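Residue-level structure breakdown
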Protein chains: 2
Amino acid sequence: MNNYCIIMAGGIGSRFWPLSKDNYPKQFLDILGTGKSFIRSTYERFSPLIPDENFLVVTNAAYKNLVLEHLPELKPDQVLCEPARRNTAPCIAYACYRIQSRCKDANIVVTPADHLVTNETEFQRIISLGFDFLKKQDNALMTIGIKPSRPETGYGYIQVPKQNELPEVVKVEMFKEKPNYETALKFVAEGNYFWNSGIFLWTLDGIMNAFKTNLPDMVTLFDEGKDKFGTAEEQSFINQRFLDCQNISIDYGIMEKSPDTYTIPADFGWSDIGTWGSLFTHAQKDADNNALRGKVVSVDNKNTIINIEDGTEAVVEGLDDYLVAYRDHSLLVCRLHDEQQIKVWIEGLK
Amino acid sequence: MNNYCIIMAGGIGSRFWPLSKDNYPKQFLDILGTGKSFIRSTYERFSPLIPDENFLVVTNAAYKNLVLEHLPELKPDQVLCEPARRNTAPCIAYACYRIQSRCKDANIVVTPADHLVTNETEFQRIISLGFDFLKKQDNALMTIGIKPSRPETGYGYIQVPKQNELPEVVKVEMFKEKPNYETALKFVAEGNYFWNSGIFLWTLDGIMNAFKTNLPDMVTLFDEGKDKFGTAEEQSFINQRFLDCQNISIDYGIMEKSPDTYTIPADFGWSDIGTWGSLFTHAQKDADNNALRGKVVSVDNKNTIINIEDGTEAVVEGLDDYLVAYRDHSLLVCRLHDEQQIKVWIEGLK
């Protein structure tokens, strides 16, 4: 099997403080109480399509052991360590150079480590469809588009040509930055706009050519160490040179500039669970619309998230539209609709 | 010095859950954030009047080490261990038999371990006054009466004869059980009723005679082991016989039945801090009337207690008239005026 999966797991994410922190970012959490962390679920979602030895996880060195704890099927050398975050383009380039050292005709799927998918069967069907398309068109750069269910202003959109019946794989007309609310309403109404999920498919050749065309400096930089990938010298090369990469996303650096980009409009129950609010949307609720996780006695609460780490217990009474979260010696109690302020408030603890 | 102090520290107190628990009752807490636990403050309050070697703490065996941690000035044999709680009369009898083994003409002050006194100088003046009175009248049984500042229904009251000018030491006319609100209002208005603080003074002879008169069975029981107090055999005697003592308070068993009871009406900023509400009354508040303890960022809260153990941090936003407490892996968030329900709620965690 030449199918490879790159899991991007370098995020730090303070948005879910106190559940996520620098020392324990969101991808390692089981925020939804499914019994599995996001990164574990991500791995399991791809596992039927990708042999264990063909997974690569790109993360920070600080999280290497956490990754191996959550994914014991992987060997330590499958966890690639960035010395610092440089956005998705350098992250993906690093992983592709590693793949190149082993397999010249790889098909690659790239995925964030911290998203939710509720319909895994449909998900696997869509990804297989993408791999099949690459057999016909091996320079295609593909991204999975999500059929929008609401006028979300927090995501980028993918525009495809208006047509009566959409094919399963569609040429992208244009990538759209995060819209304002009115524009988002229009996008949803028109039917030919999709959320950009951050899941990509391409062949090794396809993405390498795209790097050469669009980010040639990055290629020059990685080519310096071409022979070191997959050897004992790789990490020291990366530690020396990775910081010099341009800090740029794969969307902005390559996808938006390439002529051969395609999308597969999909509907498999996707969310990036980027906010407590979206967690609330996706979590199981009790009869009073509370999302409870952990050993909690909930009395007279409504529309409230209570999320308590294992080994802790809580009695919570008399809240409506609140968020109560405790983990790792840190407690948060706040109005759910004020969650955007969390980053500001925690500055006060420093 | 023949002045002895008995500190009764056997309480378990779930009213301050999660701060107080079976394994860490209220007397060991620094709920008010003074930097000292209640038992430590109690010791320090009496320390100018009582030599270190004349303190006795009566507690449960489970708390012996905690007592010695909080009061390192005491030797282990100054901590008397009840095998089970039998209310205040057996507790005091035990300590008096121990004192009797060392000193026949002791003056004794008995105190709970978990009360608040804000004016220690006045407190020491009052206690000294009591010791002085015992020199004149060595059969007197004295209790400190607190000048009532509100129609409190949670305390017992001491009635003294109506008179234009109260002497410093007054003969008690009658002990009154906890009144209802109307009666409490009347007591406060009449001026000759005082809160029963649970602080007692007497000579060893005085209290021993009172035990003989009022609780002769208890005397018979303790007399069996008379020679064992202060020896290596004391604990095994107590372990065998203490459980057979009548479960009765010193107020009901002796004070209310004795003819020679006196009180010293006092005003030294006393509270038993029996509820979160009374804690709130006595705690320092910020500009928005919040009582904060610990590393807390408080945003847009009013009239709220936030009490977080050391080593923990919290962000709390948008609460009015709430209680947020975290200690020892347990979290409580509830309306402050619903605190009477805490005991019921925590049953749900079992």
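The following paragraphs examine the structure supplied in this document. Model, not experiment: these values are computed from the prediction. Numbering of residues starts from 1 in each chain and follows the order in which that chain's sequence is written. The naming scheme follows written order: chains are lettered A onward, ligands numbered 1 onward. Per-residue local features of the predicted model are confined to residues with pLDDT of at least 70, and side-chain atom pairs are confined, for both listing and counting, to 80 or more; whole-chain, interface and lining totals are unaffected and use all residues. Side-chain figures throughout are based on the complete set of non-hydrogen atoms in the structure, without hydrogens or water.

1. Quick word on the overall build of chain A
Secondary structure is summarised from DSSP: a helix means a run of H or I of at least four residues, a strand means a run of E of at least two, and numbering begins at the N terminus for each. Scanning chain A from terminus to terminus reveals eleven helices and 18 strands. When we talk radius of gyration, it's over C-alpha atoms, and the globule rule is simply 2.2 Å times the number of residues to the 0.38. A compact globule built from 350 residues should have a C-alpha radius of gyration of about 20 Å, and chain A, at 21 Å, falls within 12% of that. For chain A, the C-alpha atoms occupy an extent of roughly 60 × 55 × 35 Å along the three principal directions. We call a residue buried when its accessible area falls under 20% of the maximum for its residue type, exposed when it is over 50%, and partly exposed in between, using a 1.4 Å probe and counting protein chains only. Put simply, chain A has 350 residues, and 57% of those count as buried. The contact definition used throughout considers only heavy atoms, calling two residues in contact when any of these lie within 4.5 Å. Pairs at least 24 residues apart make up 67% of the contacts formed inside chain A by residues separated by at least 6 positions.

2. As for the pattern of salt bridges
Any Lys or Arg side-chain nitrogen located within 4 Å of an Asp or Glu carboxyl oxygen qualifies as a salt bridge. Per the stated rule, a full pass over the model turns up 38 salt bridges over all chains. For glutamate 317 of chain A, the salt bridge identified is with arginine 335 of chain B, shortest N-O distance 3.3 Å. With one member in each of two chains, glutamate 317 of chain A in strand E16 (residues 313-317) and arginine 335 of chain B in strand E18 (residues 330-335) form a pair that bridges those chains. When its relative accessible area of 22% is taken as the criterion, arginine 335 of chain B is described as partly exposed. In the salt-bridge network here, residues are joined through shared partners; they are Lys36, Arg40, Glu44 and Glu73 of chain A.

3. Quick notes on the relation of the copies chain B and chain A
Mapping chain B onto chain A is achieved by rotating through 179° and translating by 0.0 Å along the same axis, at an RMSD of 0.1 Å. This pairing of chains is accounted for by a two-fold axis. When the interface residues of chain B are mapped onto chain A, 100% of them again fall at the interface, so both copies present the same face. The copies were overlaid by least squares, fitting only the C-alpha atoms of residues that reach a pLDDT of 70 or more in each copy.

4. Description of unusual backbone geometry
Note that the residue after tryptophan 17 of chain A, namely proline 18 of chain A, is joined by a cis bond; omega there is 5°. Position of proline 18 of chain A among the secondary structure elements: in the loop between strand E1 (3-8) and helix H1 (38-46). Here asparagine 303 of chain A, not a glycine, exhibits a phi torsion of approximately 50°, which is positive. Relative to the elements of secondary structure, asparagine 303 of chain A occurs in the loop between strand E14 (295-299) and strand E15 (305-308). The phi torsion at histidine 329 of chain B lies on the positive side, around 70°, for a residue other than glycine. Counting through the fold element by element, histidine 329 of chain B comes out in the loop between strand E17 (322-327) and E18. A relative accessible area of 44% means that histidine 329 of chain B is categorised as partly exposed.

5. Structural notes on the pairing of strand E1 (residues 3-8) of chain B
Residue and element names in this part refer to chain B. Of all the six residues making up E1, six are buried; the element is thus mostly covered by neighbouring parts of the structure. In E1, alternate side chains face the same way, and those of Asn3, Cys5 and Ile7 on one face and Tyr4, Ile6 and Met8 on the other are all buried. In this structure, E1 lies alongside strand E4 (residues 107-112), joined through six bridges in parallel fashion. Paired with methionine 8 across the bridge in E4 is proline 112. Pairing between strands is defined by DSSP: at least two bridges between them are needed. Relative to strand E2 (residues 55-60), E1 is paired through four bridges, and the arrangement is parallel. Considered in E2, the bridge of isoleucine 6 is made with leucine 56. Considered for its hand, the β-α-β crossover made up of E1, helix H1 (residues 38-46) and E2 is right-handed. Here a crossover is taken to be right-handed if, once the strands point away from the viewer, the path from the first strand over the helix to the second is traced clockwise.

6. Digging into the pairing of strand E11 (residues 261-266) of chain A
All names here are of chain A. Within E11, six of the six residues are buried, leaving the element largely enclosed by the surrounding structure. Residues Thr261, Thr263 and Pro265 line one face of E11 and the alternating positions Tyr262, Ile264 and Ala266 line the opposite face, and both faces are buried. Summarising the sheet, strand E6 (residues 141-146) and E11 pair through six bridges and their orientation is parallel. Within E11, the position partnered with leucine 141 by the bridge is threonine 261. The pairing of strand E8 (residues 170-171) with E11 spans two bridges and is antiparallel. Paired with valine 170 across the bridge in E11 is threonine 263.

7. Quick notes on the sheet that holds E15 of chain A
Pairing between sheet strands relies on hydrogen bonds along the backbone, with the strands arranged either parallel or antiparallel. Spatially, E13(A)-E15(A)-E17(A)-E18(A)-E16(B)-E14(B) is the arrangement adopted by the six strands of the open sheet, whose pairing is mixed. Two strands lie at the open edges of the sheet, namely strand E13 (291-293) of chain A together with strand E14 (295-299) of chain B, each paired on one side alone. Direction aside, neighbouring strands of the sheet carry axes that sit 5° apart on average. Where E13 of chain A lies against E15 of chain A, three bridges are found, and the strand directions are parallel. For alanine 291 of chain A, the partnering residue across the bridge sits in E15 of chain A and is isoleucine 305 of chain A. All axes here are fitted lines through C-alpha atoms, helices being fitted over the stretch that makes contact, and every angle between N-to-C directions spans 0 to 180 degrees.

8. Notes on the interface of chain B and chain A
In this assembly, 31 residues from chain B lie in contact with 31 residues from chain A. A combined buried area of about 2,600 Å² lies between chain B and chain A, and 57% of that area is made up of carbon and sulfur atoms. Values labelled buried area give the accessible surface lost by two parts on being combined, using a 1.4 Å probe and summing over both. It is Val315, Glu317 and Leu349 of chain B that lose the most area in chain B upon contact with chain A, and together they represent 26% of the buried surface on that side. Contacts described as polar in this section are N or O atom pairs within 3.5 Å, which, within protein, must combine one atom able to donate a hydrogen with one able to accept it, while residues neighboring in sequence count only if both atoms come from side chains. At the boundary of chain B with chain A, the tally comes to 21 residue pairs in polar contact (both at pLDDT 80 or more). Among the secondary structure elements, those contributing two or more residues to the side of chain B that touches chain A are E14, strand E16 (313-317), E17, E18 and helix H11 (342-347) of chain B.

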